[in-house]
Amino acid sequence: MSAVKARLGNVRLVRLSASRPELVPSGVHHRSMANGRVRCLFCYEDSGDNLVASSEHLLSRPVAAAFGIDRRSSVARVDGDVEEIRWMQLNGIKRRCVCTRCNNGWMNRLEHSMAGIATWISGPIGEPIGAARALDLRNWALKTHMLLCFIEGNAGRFGEDTFTGEYVVPPVTPAKALYKGDHNALAHCVVGVTRSTSRTDFAWSFGTPSVTAPGGVKGHPRFAPVSIVTVGSLQLWVVVPLLPARVTMPAGVQVCRAGLRPDELARTGHPMNLGLVRVDFE
Ligand SMILES: [Zn+2]
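Quick summary incoming for the structure in this document. (Residues numbered from 1 in each chain as written. Predicted model: local features only at pLDDT ≥ 70, side-chain atom pairs only at ≥ 80, totals over all residues.)

**Comments concerning the sheet that holds strand β6 (residues 202-207)**
Spelled out, the test is: For two strands to be treated as a pair, DSSP must find no fewer than two bridges joining them. Each helix is a run of DSSP H or I of at least 4 residues and each strand a run of E of at least 2, with the numbering of both proceeding from the N terminus.
If you trace the five strands from one edge of the open sheet to the other, you get β6-β8-β9-β5-β11, paired in antiparallel fashion. Single-partner strands in this sheet number two, and they are β6 and β11 (254-255). Across six bridges, strand β5 (residues 190-195) lies against strand β9 (residues 234-239) in antiparallel orientation. Within the sheet, the bridge partner assigned to V193 lies in β9 and is L236.

Next up, the structure:
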């Protein structure tokens, strides 16, 4: 990729093991974070000398096992702008942006908690997810979105003088809040849940929604990136605005909450269209 011509708002859809891939172009390649001594995205100043030393996988081994996904499967990564398709193994999609202590500690517990989510979504249709599982799912979705900000959104290149491509603002404050368990600071972040009815095992789309600033004028989307992540039959819509905002999700996408039941999730497939999300900054 030289300069990125397409906007981050385009959809990237990656589909596993598909005989007829439905690949939607995106204008973004992933890039490595800048080299050098980098602090952990999540614990940051608490990390002391415990700097970034660990790669966080987009799809971890525990989550793949819980949802029956083969991490050795090939995924197609598409850049429609240069008509380039690259194939790589799913377990190779990761980013070095966390410290070992976080990766092996709270993040590892979060990955293992997703087994409870797999049980819930494939279980009795009238069973509420419950407060503990709803929090696990919300936290996993937020963590995954923050990782995608680096893998797809060039967040690690923020502030680089020589970088001319599109980027999203690194989610530093919400990442720290997630690490601290400060749920009030994350209250304006939205995690929506619906059911994927496609045969896709694992897919994601990352980009920017339509954004308005106070007064109804067009706002800058790099402050409110969106991720849509499909894991088995579970589909998550995640928005992390960096300022308080009103978020509008497409019809049928339910807010992740303790009372959520599988029978409330959509029965028909949703297009993974980032443009269906709207963010109004207040
Ligand atoms: Zn850390």
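**Structural notes on the sheet that holds strand β10 (residues 245-248)**
What counts, and what does not: For every element, the axis is a line fit to its C-alpha atoms; helices are fit only across the contacting stretch, and the angle between N-to-C directions ranges from 0 to 180 degrees.
Pairing is mixed in the open sheet, where three strands are placed in the order β7-β12-β10. This sheet does not close on itself; its edge strands, each paired only once, are β7 (210-212) and β10. The mean angle between the axes of side-by-side strands here comes to 15°, regardless of whether they run parallel or antiparallel. Looking at chain direction, β10 and strand β12 (residues 278-281) are connected through four bridges and run antiparallel. Within β12, the residue paired with T248 across the bridge is R278.

**Let's talk about the pairing of β5**
Spelled out, the test is: The exposure scheme places C-beta atoms from the backbone and then counts, for each residue, the other C-beta atoms within 10 Å of its own, assigning buried at 20 or more, exposed at 12 or fewer, and partly exposed in between.
Counting buried residues in β5 gives six out of six residues, a clear majority hidden from the surface. Every second residue of β5 is oriented toward a common face, with V190, G192 and T194 on one face and V191, V193 and R195 on the other, all of them buried. Bridge analysis of β5 against β11 gives two bridges, and the strand direction is antiparallel. Within the sheet, the bridge partner assigned to G192 lies in β11 and is V255.

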